[in-house]
Amino acid sequence: TDHLVQTISGQKTEAPSDPTETIFKDRLTLIRSKIEMVLLQLKWRREIHDKVLYDIDQDDVRADNLLLEMGPGAYFVGGDRLAVERMKFDLERQKRMEKVGYFKDTAILNKELKESLIEYLGETRKSSFVSELEV
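Residues numbered from 1 in each chain as written. Predicted model: local features only at pLDDT ≥ 70, side-chain atom pairs only at ≥ 80, totals over all residues. Heavy atoms only, no water.

A. Fine view of the overall build of the protein chain. Across its full length, the protein chain carries three helices and zero strands. The N-to-C order of helical and strand elements in the protein chain reads α-α-α. With 135 residues in all, the protein chain has 23% of them scored as buried. Taking the intrachain contacts of the protein chain between residues at least 6 apart in sequence as the baseline, contacts between residues at least 24 apart amount to 77%. A total of about 9700 Å² of accessible surface is found on the protein chain, and carbon and sulfur atoms cover 60% of it. (Helix = DSSP H or I, 4+ residues; strand = E, 2+ residues; numbered from the N terminus. Buried < 20%, exposed > 50% of the residue type's maximum accessible area, 1.4 Å probe, protein only. Contact = heavy atoms within 4.5 Å. Areas by Shrake-Rupley, 256 points an atom, 1.4 Å probe, with all protein chains shown as cover.)

Listed below in structure tokens is the structure:
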């Protein structure tokens, strides 16, 4: 994503004198901003995803430690062991739900990114075509 942002940002041009070029430049700037925003949202969602999974894994380790602290009593089916086992199942369910949520969120953002990149490519082609016609 950083490479894409640098590539798109690096294509900024100086202020054109022709009104047609100004329109294209403004459109390209707007589309670049949209792409940068989508990329930023993808990055933020990834950071949230990683943090949530890390926290769930930490809770799972704590549950394992509770089982270890029970000593030999952990091998007998009792109320305490069942509570810890339920906790572990809930943590696994939360992890699956987070993965599904992450996939859904990033799928929507990736679709938006793809559409914006296609729009950007179209605008750059139109701009270069108009520039060639004016020469």
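B. Fine view of a nonpolar patch on the surface. A contiguous nonpolar surface patch, about 280 Å² in accessible area, is contributed by Met-37, Leu-40 and Trp-44. Relative to the helices and strands, Trp-44 resides in helix α2 (residues 19-69). Relative accessible area serves as the criterion here: at 44%, Trp-44 is assigned to the partly exposed category. (Patch = residues over 30% accessible without salt bridge, like charges linked within 9 Å, V, L, I, M, F, W, Y side chains within 5 Å. Salt bridge = Lys/Arg side-chain N within 4 Å of Asp/Glu carboxyl O.)

C. Structural view of the side chain of His-49. Residue placement: His-49 occurs in helix α2. When its relative accessible area of 7% is taken as the criterion, His-49 is described as buried. Those residues in contact with His-49 that sit more than four places away from it in its chain are Glu-98, Lys-99 and Tyr-102.

D. Expanded view of the environment of Tyr-102. Summarising the element assignment, Tyr-102 is placed in helix α3 (residues 79-134). Here Tyr-102 falls in the buried class, since its relative accessible area comes to 17%. Between the C-alpha atoms of Tyr-102 and Arg-45, which are 57 residues apart in sequence, the distance is 7.4 Å. Leave out the neighbours within four places in its chain, and Tyr-102 touches Arg-45, Arg-46 and His-49.

E. Focus on the environment of Tyr-54. The topology assignment puts Tyr-54 in helix α2. For the pair Tyr-54 and Lys-95, spaced 41 residues apart in sequence, the C-alpha to C-alpha distance is 9.7 Å.

F. Quick peek at the pattern of salt bridges. Enumeration according to the criterion identifies 13 salt bridges in this entry. Here Glu-119 ties to Arg-27 by a salt bridge, and the two come within 3.0 Å at their closest N and O atoms. Remark: Arg-27 occurs in helix α2 and Glu-119 occurs in helix α3; sequence separation between them is 92 residues. You can call Glu-119 partly exposed: its relative accessible area is 28%. Accessibility expressed as a relative area gives 31% for Arg-27, which makes it partly exposed. For Lys-88, the salt bridge goes to Asp-64, with nearest N and O atoms at 2.6 Å. Here Lys-88 is found in helix α3, whereas its partner Asp-64 is found in helix α2, with 24 residues between them in sequence. For Lys-88, a relative accessible area of 17% translates into the label buried. With a relative accessible area of 30%, Asp-64 lands in the partly exposed category.

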